[in-house]
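So you can see what is in the structure, the chains are spelled out below.
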Amino acid sequence: MTHLHSDHVGGLTTQDGQRVFPNADVYVAKVESDFWLSPEIAAKAPKDAQPFFQSARAIAAPYIKAGKWHTFSGSEPIVDGMQLVPLPGHTPGHTGYEFSSKGQKILFWGDIIHAQRVQLQHPEVTAIFDIDQTAAAATRHRLLPRLAREDVLIAAPHMSFFPPLGRLHKEKSGYSWAPVAFTDQWVEHAP
Ligand SMILES: [Zn+2]
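Residues numbered from 1 in each chain as written. Predicted model: local features only at pLDDT ≥ 70, side-chain atom pairs only at ≥ 80, totals over all residues. Heavy atoms only, no water.

Turning our attention to helix α6 (residues 133-150). The terminal C-alpha atoms of α6, which comprises 18 residues, lie 26 Å apart, in line with the 26 Å expected from a rise of 1.5 Å per residue. Two residues or fewer past α6, aspartate 151 is found with a positive phi of approximately 55°. (Helix = DSSP H or I, 4+ residues; strand = E, 2+ residues; numbered from the N terminus. Expected span 1.5 Å × (residues − 1).)

Quick look at the structure:
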C-alpha cells in the first residue's frame, strides 16, 4: 500500500469488515501504519481528520486479525524485482513501489501529484491533503527529475487521463505528461 488514505486502500475491506482479498499479504510502511492506527494520534487530530483515522483502522482490522498485515521500516526487499521508494510528505510513511524488468521500470507513486496542470509546472505547490507540505514538495523535487531522466513508466492515481499511466518529459519549465496510448484491442503475438 502506498499509504492508508481510504481512496487508495478502501477496496481491501467490505463495509461489514470482511477481507476482500483473503489470500493477500498486505505491506505498508511501519511509520504509516503506526500513524493511522494509533488511538493516541487520532485522539489529538482535528475533528475533520477523524474519518481518515477511522477508515484506516477499519480497513486494516481484518488483515491484522488474520496476521496478514505486514510492515517494513526501510527499503528492505519484499519480492524480487520490486524496490521500495520512500516518498514521505503526503503522509508520514507514503511509499512508492518500483518494479523493474528487462530494462524497463514502472513506479506506483501513490499521491505525488493531485492537480497535474499546476503541480507538473510547479512541483513546489502542495495539496491540502499533504500532511507535511514541506516534505511533500521536497519529495517531488527529488523524484520528478529522476523519473524523467530514467524514462520510468508511472502509475499515477489522480491524473486526468485514462489510463493514468504515463511518463514525464522535462520541459523548459516543469514537466509534461506523456500518457500511454489506451487500446481495448488485445493483439495476440504468434508464439
Ligand atoms: Zn492520499
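The rest of the description comes next.
As a further point, take the side chain of glutamate 98. By secondary structure assignment, the location of glutamate 98 is in strand β4 (residues 95-101). Taking the relative accessible area as the measure of exposure, glutamate 98 reaches 5% and is therefore buried. At 2.8 Å, the side chain of glutamate 98 forms a polar contact with the side chain of arginine 146. Residues contacting glutamate 98, with those up to four places away along its chain left out, are Gly81, Met82, Gln83, Val85, Lys105, Ile106, Leu107, Arg146, Leu147 and Val152. (Buried < 20%, exposed > 50% of the residue type's maximum accessible area, 1.4 Å probe, protein only. Polar contact = N/O pair within 3.5 Å; in protein donor to acceptor, adjacent residues only side chain to side chain. Contact = heavy atoms within 4.5 Å.)

Relative to the helices and strands, lysine 65 resides in helix α4 (residues 50-65). A C-alpha to C-alpha distance of 45 Å links lysine 65 and glycine 174, two positions 109 residues apart in sequence.

Here we come to the pattern of salt bridges. For the coordinates displayed, the defined rule picks out eight salt bridges. Ionic pairing is found between lysine 68 and aspartate 25, a salt bridge with its closest N-O pair at 3.8 Å. One end of the pair, lysine 68, is in the loop between α4 and β2 (69-72); the other, aspartate 25, is in the loop between α1 (6-9) and β1 (26-29), and 43 residues separate them in sequence. For lysine 30, the salt bridge goes to aspartate 34, with nearest N and O atoms at 2.7 Å. Linking lysine 30 with aspartate 34, this pair stays in helix α2 (residues 30-36), spanning four residues, or about one helical turn. On the basis of relative accessibility, which here comes to 38%, the residue lysine 30 falls in the partly exposed class. Residues joined in a network through salt bridges with shared partners are Glu98, Lys105, Arg146 and Glu150. (Salt bridge = Lys/Arg side-chain N within 4 Å of Asp/Glu carboxyl O.)

The subject of this paragraph is the coordination of the zinc ion. Donor atoms from the polypeptide that coordinate the zinc ion comprise His3 (NE2), His5 (ND1), His90 (NE2) and Asp111 (OD), at 2.1 to 2.2 Å from the metal. Each of the four donor atoms bound to the zinc ion contributes to angles spanning 88 to 167°, and the resulting shape is irregular. When the donors of the zinc ion are listed by position in the chain, the intervening gaps give H-x1-H-x84-H-x20-D. Placement of the pair is histidine 5 in the segment before α1 and aspartate 111 in the loop between β5 (104-108) and α5 (116-119), with a sequence separation of 106 residues. Taking the relative accessible area as the measure of exposure, histidine 5 reaches 7% and is therefore buried. The class of aspartate 111 is buried, set by a relative accessible area of 3%. (Donors = N, O, S within 2.8 Å, 3.2 Å for Na, K, Ca; no water. Tetrahedral: all angles 85-135°; square planar, octahedral: opposite > 155°, others 65-115°.)

With that settled, consider the nonpolar core. Membership of the largest hydrophobic core comes to 18 residues, with the highest contact counts inside it found for Trp109, Leu147 and Leu168. Of all the secondary-structure elements, those providing two or more residues to this core are α6 and β8 (175-179). Of all the elements, α6 adds the most residues to this core, at four residues. Apart from residues no more than four positions distant in its own chain, tryptophan 109 is found in contact with Leu87, His94, Leu143, Leu144, Leu147, Ile154, Ala155, Ala156, Pro157, Met159 and Leu168. (Core = buried A, V, L, I, M, F, W, Y, C linked by side-chain atoms within 4.5 Å.)

A surface patch of nonpolar side chains, amounting to about 250 Å² of accessible area, comprises Val79, Phe99 and Phe108. Note on placement: phenylalanine 108 falls in strand β5. (Patch = residues over 30% accessible without salt bridge, like charges linked within 9 Å, V, L, I, M, F, W, Y side chains within 5 Å. Areas by Shrake-Rupley, 256 points an atom, 1.4 Å probe, with all protein chains shown as cover.)

Another aspect to go through is the environment of histidine 141. If you trace the backbone, histidine 141 turns up in helix α6. Residues histidine 141 and histidine 122, 19 residues apart in the sequence, show an inter-C-alpha distance of 9.6 Å.

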